[in-house]
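Listed here are the chains, written in short residue letters.
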Amino acid sequence: RPTEVGVMIQDLKHQTPGPEQPNANLVEVQHDDSTSGSEKPTEDNGHHWIHANENAYGAFIHIGHHEGFLAALERSGGMLLVSFAVQAIFSYELWSSLPTVHQAEYYFCNVPATIQICAVGVYVTLMFQNIPVMLNSCLLALVCTAKREEEEGGDTAHSHHEIETNIFLRFALFVFGVLTELATWLGLLYVGIVFILTAVSVELIIRSTVSIIFILQVDEIIFSACSSKGLRQSMSKTEYRVWQGPRLQSRSCVRVGEERVSLLHLFVLVGIAVGIVIGLRFDPSIECPTWGERATRNLTFDNV
């Protein structure tokens, strides 16, 4: 039918886009991309935005960048001093009261090596969780270049400021906010491993593996108990720009669901635990009996 065919042709003409319509859409897309790119300058050239650690050491570095070293001493120096003192005293008292592995040779050799390896592996894994926290504090103290604070408008509204902290203040923040934490961490790591290796029974090994970890969390407990609400809000709303370099795409990672699990970290932790226990058992100065000698001599804890 000519009339219906003509109506269909007219409808198709109205539905067909004109020659200028694709160009108009292209302009809009380009404009949207440029706008979204300017609103999200989160990571470029190895720079990342991170928060200060919510503990006594992170509060000291945060206040130091905002108000200076004297203000950091006044507002968070007490928390930092108490945290460092408690951790240092615990580490020293445990170190002075524990025997060495050579002095506790009998107990070290008679506790199963598998239990010692598992206990040392668990303890080292728990302690190594604090390494990213200390690395974060180190970056904030030394290499942060700018900060941005969340405004009342929401997550997308930020006020951006360059950090002009001089090198002397950065060094002071590094010494008080990073090296003090590193010193107590190393002390607790050593004392905890010796505590596990010199334990007289399997039950004490299991208890000592986790009981020392609470000492490492003293700085977080003191911060949550003694810091003001305004300080906690300021730390949660402030981000610092630091340079971390290109992130390595390790071939030793396997995908589990949506996450990547590093097999290298697992091998390192297991290797540390096995190396410590097996290395001490084959130390010539420690005469641990072999399995055959153990069965012959019938060593038990009741002989002590």
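These figures come from a predicted structure and were not determined experimentally.

K.L.:
I would appreciate a short explanation of the side chain of Lys147 in the present structure.
P.N.:
Its location among the elements puts Lys147 in strand E2 (residues 146-150). No salt bridge forms around the buried Lys147; measuring N to O, its nearest opposite-charge neighbour Glu149 is 4.2 Å away. Side-chain polar atoms of Lys147 contact the side chain of His66, separated by 3.3 Å.

K.L.:
What am I meant to see in the packing of helix H3 (residues 56-67) against helix H4 (residues 69-97) here?
P.N.:
At a minimum axis distance of 8 Å, the contact between H3 and H4 shows a crossing angle of 165°. Relative to H4, the element H3 lies roughly antiparallel. By crossing handedness, the relation of H3 to H4 is classed as left-handed. Where H3 abuts H4, its residues Ala56, Tyr57, Ala59, Phe60, Ile63, Gly64 and Glu67 lie against Phe69, Ala71, Ala72, Leu73, Arg75, Ser76, Met79, Leu80, Ser83, Phe84 and Gln87. Residues belonging to the contact of H3 with H4 are distributed by class as follows: 12 nonpolar, four polar and two charged.

K.L.:
Even after reading the chapter, I still don't get the pattern of salt bridges, so can you show me in this structure?
P.N.:
Two side chains that carry opposite charge are able to pair once their charged atoms sit near each other. Counted by the stated rule, this structure contains three salt bridges. A salt bridge links Glu239 to Arg148; the nearest nitrogen and oxygen atoms lie 2.6 Å apart. One end of the pair, Glu239, is in strand E4 (residues 238-243); the other, Arg148, is in strand E2, with 91 residues separating them in the sequence. Given the relative accessible area of 16%, Glu239 is considered buried. Exposure remark for Arg148: the relative accessible area of 13% places this residue in the buried category. One salt bridge connects Glu162 with Arg241, and the closest N-O pair in it is separated by 3.6 Å. Taken together, the residues Glu162 in strand E3 (residues 158-162) and Arg241 in strand E4 connect sequence positions 79 residues apart.

Parameters at a glance
- Residues numbered from 1 in each chain as written.
- Predicted model: local features only at pLDDT ≥ 70, side-chain atom pairs only at ≥ 80, totals over all residues.
- Heavy atoms only, no water.
- Helix = DSSP H or I, 4+ residues; strand = E, 2+ residues; numbered from the N terminus.
- Buried < 20%, exposed > 50% of the residue type's maximum accessible area, 1.4 Å probe, protein only.
- Lys, Arg positive; Asp, Glu negative; His and termini not counted.
- Salt bridge = Lys/Arg side-chain N within 4 Å of Asp/Glu carboxyl O.
- Polar contact = N/O pair within 3.5 Å; in protein donor to acceptor, adjacent residues only side chain to side chain.
- Axes fitted to C-alpha atoms, helices over the stretch in contact; angles between N-to-C directions.
- Parallel < 35°, antiparallel > 145°, perpendicular 65-115°, else oblique.
- Left-handed = near helix turned anticlockwise from the far one by under 90°.
- Contact = heavy atoms within 4.5 Å.
- Nonpolar A, V, L, I, M, F, W, Y, C, P; charged D, E, K, R; others polar.

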